[in-house]
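Coordinates in review
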Amino acid sequence: MAGTDADVLIVGGGNAGISLAARLLRDGFDDVTVVASSPGHRYKPLLNYVAGGQSTMAELERPMADVVPDGCRWVRDAVESVDPAAMTVRTRGGLTLSCATLVLCPGLVEDWDATPGLQSAYAEGWAASSYVPGSTPTVWPRLSSLRSGSVVFTVPPEPASCGPTALKPLFMACDSWRRSGVLADLQVRLVLPAATATGLPEADRYLEDAFADLGVEVLRESRIERVDGDLHSVTLATPSGRRVLEDVDFAHAVPHYRAPRFIAEAGLSADATPGLVDVDPETLRSRRHDSIWAIGDAADLATRPSGGGLRKQVNVLAKNIAAAREGKRLSRYDGYTVMPITVTRRTLMLNEVTRDGSPSPSVPFIDPFVPRRWQWFFDRYGLPQVYWRRILRGRV
Ligand SMILES: Cc1cc2nc3c(=O)[nH]c(=O)nc-3n(C[C@H](O)[C@H](O)[C@H](O)COP(=O)(O)OP(=O)(O)OC[C@H]3O[C@@H](n4cnc5c(N)ncnc54)[C@H](O)[C@@H]3O)c2cc1C
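Residues numbered from 1 in each chain as written. Predicted model: local features only at pLDDT ≥ 70, side-chain atom pairs only at ≥ 80, totals over all residues.

**Digging into the nonpolar core**
- Among the nonpolar cores identified, the biggest contains 120 residues, and I10, L20, A21, L104, A294, I295 and A298 are the most heavily contacted of them.
- The two domains that each donate at least three residues to this core are domain 1 (6-107 + 259-336 + 386-391) and domain 2 (111-257).
- Setting aside residues up to four positions removed in sequence, A298 forms contacts with L104, C105, P106, G107, L108, A259, P260, I263, L276 and V277. (Core = buried A, V, L, I, M, F, W, Y, C linked by C-beta atoms within 7 Å. Buried ≥ 20, exposed ≤ 12 C-beta atoms within 10 Å, placed from the backbone. Domains from an automatic or database assignment. Contact = placed C-beta atoms within 7 Å.)

This is the structure we're talking about:
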């Protein structure tokens, strides 16, 4: 577009940014730029399978250059600030880029400051998780070598990326410990930020039975306040006060997350969820600037963030950017999301719901809360292929 550096400028080269860029190019937009700082791209759902001993990092990582769609300009830099009035972004490398339409999808960043001691516990190898990719390959060797002692798992509080999937390594480990006859010798504790694991009654009923069956002690409405790697202790803030878990042999402790600061600094964040981009959760358009949109983990969409949800968000947003230019009616995102949880090493529940928690199965008429073997197979082997071949190419 004349007078700007990009017609559509997308901040972030993750699931959201790359699949949207590909979809827009397919729809006939011919001037799309992605600003992406990372040299690589990850299919994050497989991280939990790496932590469960069922996949490798090589299977989920590709060079960014391989996933940026043909015809899309890639600016290899990080956005440091946004000027919504001028419709420009400024990068760490000193570039100022102007655009007609701006889409923000930089995802979330670890908030290590929220949990003193956790980052050094990661560095020492006493804590690790599927959520911190540098530590993920160490998780299964640690879990699978435990024969007795105490292990703590956490589900991160929101904002977090598909938080309930952090249960996958717990279930995969418990299944393995049970098969090798050591489960009874391990004290397994799970820290949940809410009263239940998913907030979906049908799913939670099943999960509660599974926790009881495996002997997992569930600590509810709790979050990690600090950890001490020297003492191997985890301090929790619980509804009844502070509780210290001592002599923990391994902590699958997921850090807390926040949105990148440039969003709030630009005056684009929501009051309800500080830091996330304040958009209409149905149209995905900024409530403050008509030419700014957001999807993915950094957007305040009043639903659980997930890659599955992005399939629908990308579709709605691509249509809405075109519709807004033509003065047409905008499409609406129903908040569809998915929380796949392996409940054994070979079965998985999908937990597909809309914003209000109503079941929304992708395969018509199946109950999305029932664990099934074919669903595990599809999540583990089918979806990664769909991701690389179709989702990132704007075909879904
Ligand atoms: C361990 C784990 C397991 C998951 N499992 C599932 C699952 O089973 N099913 C499911 O549906 N979803 C799952 N998810 C969620 C899913 O992966 C995310 O919802 C999805 O990746 C969000 O995409 P995004 O593009 O918004 O953010 P991201 O994928 O995080 O991408 C953001 C990109 O923006 C870049 N960026 C950040 N800041 C800047 C900046 N300032 N300038 C330029 N670029 C920037 C980042 O480097 C990154 O490349 C999981 C997530 C995790 C972490």
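**Brief notes about helix α6 (residues 136-145)**
- Regarding α6, the residues found buried are T136, V139, W140, R142 and L143. Down the axis, α6 shows its buried residues gathered within 165° of arc, on one side only. Looking at α6, the residues exposed on the side facing more than 90 degrees away from the buried face are P141 and S145.
- Check the buried side of α6 and you find it contacts α2 (45-51), α3 (57-60), α7 (167-179) and β16 (250-252). (Helix = DSSP H or I, 4+ residues; strand = E, 2+ residues; numbered from the N terminus. Arc of directions from axis to C-beta.)

**Some points on the site of the ligand**
- In the vicinity of the ligand there are 36 residues, among which G12, G14, A16, G107 and G296 approach most closely.
- Residue assignment for the shell around the ligand shows that the elements contributing at least two residues are α1 (15-26), α2 and α10 (307-326).
- Split into classes, the residues belonging to the shell around the ligand amount to 18 nonpolar, 16 polar and 2 charged.
- Split by domain, the shell around the ligand shows at least three residues from each of two domains, domain 1 (6-107 + 259-336 + 386-391) and domain 2 (111-257). (Near = placed C-beta within 6 Å. Nonpolar A, V, L, I, M, F, W, Y, C, P; charged D, E, K, R; others polar.)

**Concerning the sheet that holds strand β14 (residues 233-238)**
- Across the sheet, 3 strands lie side by side as β13-β14-β15; this open sheet has antiparallel pairing. Both edges of this open sheet fall to β13 (223-228) and β15 (241-245), since each of them pairs with a single strand only. The mean inter-strand angle of the sheet, taken between neighbouring strand axes irrespective of direction, is 25°.
- By the bridge criterion, 5 bridges tie β14 to β15 in an arrangement that is antiparallel. Residue pairing in the sheet places T238 in a bridge with G241 of β15. (Pairing = 2+ DSSP bridges. Axes fitted to C-alpha atoms, helices over the stretch in contact; angles between N-to-C directions.)

**Comments concerning the packing of α1 against α10**
- Across the interface, α1 lies against α10 with an axial gap of 10 Å and an inter-helix angle of 35°. In the crossing of α1 with α10, the sense of the turn from one axis to the other is right-handed. Where α1 abuts α10, its residues N15, A16, S19, L20, R23 and L24 lie against G307, L310, V314, L317 and A318.
- Taken together, the residues of the contact of α1 with α10 break down into 7 nonpolar, 3 polar and 1 charged. (Left-handed = near helix turned anticlockwise from the far one by under 90°.)

**With respect to the pairing of strand β7 (residues 88-91)**
- Bridge count between strand β6 (residues 79-83) and β7: 4 bridges; the pairing is antiparallel. When the sheet's bridge partners are listed, D83 is paired in β7 with T88.
- A loop of 4 residues connects β6 with β7, the two strands running antiparallel in sequence, and M87 in this loop sits at a positive phi of about 55°.
- Pairing geometry for β7 and strand β8 (residues 96-104), over 3 bridges, is antiparallel. Residue pairing for β8: V89 is matched across the bridge by L97.
- Where β7 folds back onto β8 in an antiparallel hairpin, the turn is made up of 4 residues, including G94, whose phi is positive at roughly 95°.

**Looking at the sheet that holds strand β10 (residues 149-154)**
- With respect to topology, 4 strands assemble into an open sheet ordered β12-β11-β10-β16, the strand pairing being parallel. At either margin of the open sheet sits one strand with a lone partner, and together these are β12 (217-219) and β16. Recorded for the sheet is a direction-independent mean angle of 20° between the axes of neighbouring strands.
- The pairing of strand β11 (residues 186-191) with β12 spans 3 bridges and is classified as parallel. Of the residues in β12, the one forming a bridge with R189 is E217.

**Some words on the environment of G12**
- Within the secondary structure layout, G12 lies in the loop between β1 (6-11) and α1.
- On the basis of neighbour count, G12 is assigned to the buried category, with 27 C-beta atoms found within 10 Å.
- Along the chain, G12 and L104 lie 92 residues apart, while their C-alpha atoms are 7.1 Å from each other.
- When sequence neighbours within four positions are dropped, the list of residues in contact with G12 reads G17, A36, C105, P106 and G107.

**Some remarks on the environment of I224**
- Tracing the backbone shows I224 in strand β13.
- Classification of I224 as buried rests on a count of 27 C-beta atoms within 10 Å.
- Distance in space between the C-alpha atoms of I224 and E80 is 30 Å, their sequence separation being 144 residues.
- Non-local contacts of I224, meaning those with residues more than four positions away in its chain, are made with T115, T154, V191, V234, L236 and A253.

**Comments concerning α1**
- When the terminal C-alpha atoms of α1 are compared, their 17 Å separation across 12 residues agrees well with the 16 Å that a helix rising 1.5 Å per residue should span.
- Of all 12 residues in α1, 11 are buried; the element is thus mostly enclosed.
- Two residues or fewer past α1, G28 is found with a positive phi of approximately 110°. (Expected span 1.5 Å × (residues − 1).)

**Things to note about the domain arrangement of the protein chain**
- Along its sequence, the protein chain is carved into domain 1 (6-107 + 259-336 + 386-391) and domain 2 (111-257).
- On a C-alpha basis, the centroid separation for the pair domain 1 and domain 2 is 30 Å.
- Domain 1 puts 15 residues into the contact, and the matching count from domain 2 is 15 residues.
- Element by element, the count of residues in the side of domain 1 that touches domain 2 is highest for α2, at 4 residues.

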